[in-house]
Protein chains: 2
Amino acid sequence: MKTYNLPLLAMAAWACIAWPAPVPSAAPLPSWNDGAAKMSILEFVEKVAAPGSPDFAPPAERVAVFDNDGTLWAEQPMYFQFLFMLDRVKALAPRHPEWKAEEPFASLLQGDVKAALAGGERALGAIMMATHAGMTSEEFSKIAGDWIATAKHPKTGRLLTEMVYQPMLELLAHLRANGFKTYLVSGGGIEFMRPWSERVYGIPPEQIIGSSIQTKFELRDGRPVLVRLPELNFMDDGPGKPVGIQTHIGRRPLAAFGNSDGDLQMLQWTAAGPGPRLCLYVRHTDAEREWAYDRASSIGRLDKGLDEAKAKGWTIVSMKDDWKTIFPPENK
Amino acid sequence: MKTYNLPLLAMAAWACIAWPAPVPSAAPLPSWNDGAAKMSILEFVEKVAAPGSPDFAPPAERVAVFDNDGTLWAEQPMYFQFLFMLDRVKALAPRHPEWKAEEPFASLLQGDVKAALAGGERALGAIMMATHAGMTSEEFSKIAGDWIATAKHPKTGRLLTEMVYQPMLELLAHLRANGFKTYLVSGGGIEFMRPWSERVYGIPPEQIIGSSIQTKFELRDGRPVLVRLPELNFMDDGPGKPVGIQTHIGRRPLAAFGNSDGDLQMLQWTAAGPGPRLCLYVRHTDAEREWAYDRASSIGRLDKGLDEAKAKGWTIVSMKDDWKTIFPPENK
């Protein structure tokens, strides 16, 4: 396996919002300020979807791929899938008395995430496998689905599924209203996202591409199950994203949306096709309403990608300037 | 990697027909004789798709998975993807003078397939990788698509894409007319099938699940490519089929269609869901119009699967008795 900068860390993230899909309004993208970013989206969609356009693309070719963490929902103060892991370690601790004396679990159980992660990739891998492997795919789906139903953000107190970006929900809806098929292409776990992605994003299970551990078919008392094994199968991050897209879709996307260097190869792959393409980076520029970070961040670092986006004229969205609202209104 | 009975052999197969999708007629499945098999299909579709049925399944859940070799097209005298490999070895030989003295290529180039395959799995793997790896995914797609456009069956002389089963084309059409999404789930190569599966079966690239070799994202002179590497990535056969289905679809199928023991786990996985399920085996019983083989065949062996189908009351189709015609009319 290749070594990435944030190899397993990228597998810790994302969840969802109990929010109805935005009703398509007469004017699309209502939460977007008028400006170059909004204009580039509307113009691209018009070009490829308007009958008679010289760049018209048949609906089957209208594929749009979205990163999740930091692009569709927040990723601070840590990937949401990592919050899931922390909660699972606590929940499983009574069954693992040995964890009290075993790192990284001992530190985690004392609430010291930093000390736990001092063990680097190995520590993260141990936490990942202890919480993601050893059950069937159906059992894991229920665990993740139950967890996300109540999991709240440590800073805002909102459901994690409400920490999604309202302007991006509108973008998903606008693309679908124009015949696009929308896919998630995330470094996060494919089976972690499936239990809620349709409810939150309107993206069904068969349109989720993500990282995965290996699974094995077994008959248990005559009943077939897929058992989740503590071995990495596929890492859907960085150069893995175009690989995952080709494996699952077999078509090159017309549009790709990301927020970090881990999305760069996906945007490059998308941009290299013929005809109009939309490559868009979301920049976290709003310390008041969300967070502000890019080149120096350990989570969602946007450095090389930002340079390339500028050099190639890709669309760069500034949360602060381009978005009227960040999160959906609270559903109280 | 696990060892399967026919590990790499199963990766050698299938191609397609330049035939328009059958026009839905007033009476579905016109090439099927009236009988238990046809009845079980029609009843199942009615149960899950008719509004108001107590077993009604929403369209999104109507997933049908089809094996390819021996289920949608013929697999005798050898998997069609193996014919592709043989032709590619011949085409590539001028660039590989060393093959004249190197098995399994030396025997292949002398037309002695049996001697070439005496080297077993290792020999087959060498042929596979020499013909499937070392180019980009786009290059391979063109090679496979160009080949299938003219490749003919060694016995019938018909295009391989016309060696498909007319009754199964009608079954695909009937399922789709009733809101099903149809998938290929084949031991054959995913990228070998994609260039022609939509034209021949009406199944688009994103609904193909198959075996694969590893690929790697690279920038070549600034242009992104996916390079095909000589290493197995995923074996979509036997216990791999439910794994492939879960990875790509994330839903359990309502209906599964196969012809060999390599499809058994896919049928078991399908059958184990709640509500009505359709599990169907095609039996090769027609030595005159097609081929007759099952328990003793090295290709498409149907032995354990046949026992289980009988024990569980799955649908068993006899080509000889259930099908009025086998192949579509010749398109001259």
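So, how was this worked out
- Residues numbered from 1 in each chain as written.
- Chains lettered and ligands numbered in written order.
- Predicted model: local features only at pLDDT ≥ 70, side-chain atom pairs only at ≥ 80, totals over all residues.
- Least-squares fit on C-alpha atoms with pLDDT ≥ 70 in both.
- Contact = placed C-beta atoms within 7 Å.
- Axes fitted to C-alpha atoms, helices over the stretch in contact; angles between N-to-C directions.
- Helix = DSSP H or I, 4+ residues; strand = E, 2+ residues; numbered from the N terminus.
- Parallel < 35°, antiparallel > 145°, perpendicular 65-115°, else oblique.
- Nonpolar A, V, L, I, M, F, W, Y, C, P; charged D, E, K, R; others polar.
- Buried ≥ 20, exposed ≤ 12 C-beta atoms within 10 Å, placed from the backbone.
- Pairing = 2+ DSSP bridges.
- Right-handed = clockwise from strand over helix to strand, strands pointing away.

Visitor: Any chance you could explain the relation of the copies chain A and chain B here in plain terms?
Guide: Applying a rotation about an axis and a shift along it to one chain copy brings it onto the other copy. Structural alignment of chain A on chain B gives an RMSD of 0.0 Å, achieved by rotating through 180° and translating 0.0 Å along the axis. The symmetry that links the two subunits is that of a two-fold axis. Proximity to the rotation axis, assessed at the C-alpha, singles out A:His248 in chain A; its C-alpha lies 3.1 Å from the axis. Looking at the interface residues of chain A, 100% of them are also at the interface in chain B, so both copies use one shared face.

Visitor: I would appreciate a short explanation of the packing of helix α9 (residues 240-248) of chain B against helix α10 (residues 264-271) of chain B in the present structure.
Guide: Packed helices, taken two at a time, are described by the angle their axes make and the gap between the axes. Residues and elements named next belong to chain B. The N-to-C vectors of α9 and α10 enclose an angle of 55°; their axes lie 7 Å apart at closest approach. With respect to each other, α9 and α10 are oriented oblique. Along its contact with α9, which presents Lys-241, Pro-242 and Ile-245, the element α10 presents Gln-265, Met-266 and Trp-269. Of the residues contributing to the contact of α9 with α10, the split by class is 4 nonpolar, 1 polar and 1 charged.

Visitor: In this structure, what is going on with the interface of chain A and chain B? I would like to understand it.
Guide: By a widespread convention, an interface's size corresponds to the accessible area lost as its parts come together. Taken together, the contact pairs 26 residues of chain A with 26 residues of chain B. Every element with two or more residues in the side of chain A that touches chain B is listed here: β3 (208-220), β4 (223-234), α9 (240-248) and α10 (264-271) of chain A. Here the side of chain A that touches chain B is built from residues that sort into 13 nonpolar, 9 polar and 4 charged.

Visitor: When you look at the pairing of strand β5 (residues 255-258) of chain B in this model, what are you seeing that I'm missing?
Guide: In the case of a regular strand, side chains alternate between the two sheet surfaces. Residue and element names in this part refer to chain B. Of the two faces of β5, the one lined by Ala-255 and Phe-257 and the one lined by Ala-256 and Gly-258 are each fully buried. Alignment of strand β1 (residues 63-66) against β5, held across 3 bridges, turns out to be parallel. Looking at the pairing, Ala-64 lines up with Ala-255 of β5. Pairing between β5 and strand β6 (residues 278-285): 4 bridges, direction parallel. Across the sheet, Ala-256 pairs through a bridge with Cys-279, a residue of β6. Crossover handedness for the path β5 to α10 to β6: right-handed.

Visitor: What is the right way to read the pairing of strand β3 (residues 208-220) of chain B from this model?
Guide: Residue and element names in this part refer to chain B. One ladder, built from 3 bridges, connects strand β2 (residues 181-189) with β3; its direction is parallel. Among the inter-strand pairings, Gly-189 is bridged to a residue of β3, identified as Ser-211. Alignment of β3 against strand β4 (residues 223-234), held across 8 bridges, turns out to be antiparallel. Note on β4: the bridge partner recorded for Ser-212 is Phe-234. Adjacent in sequence and paired antiparallel, β3 and β4 are bridged by 2 residues, among which Asp-221 carries a positive phi angle near 50°.

Visitor: Please clarify how unusual backbone geometry should be interpreted in this entry.
Guide: Backbone phi values are negative for most residues with the exception of glycine, while trans is the configuration of most peptide bonds. Residue B:Pro77 is reached from B:Gln76 by a cis peptide bond, and omega for that bond is 0°. Following the sequence through the fold, B:Pro77 ends up in the loop between β1 and α2 (80-92). For the bond from B:Glu103 to B:Pro104, the omega torsion is 5°, close enough to zero to count as cis. With respect to the secondary-structure elements, B:Pro104 resides in the loop between α2 and α3 (105-109). Its identity is not glycine, yet A:Leu29 carries a phi of approximately 55°, on the positive side. Positive phi, normally seen in glycine, also occurs at B:Asp221, with a value near 50°. One can find B:Asp221 in the loop between β3 and β4.

The quantities given are spatial measurements derived from coordinates; they are silent on function.
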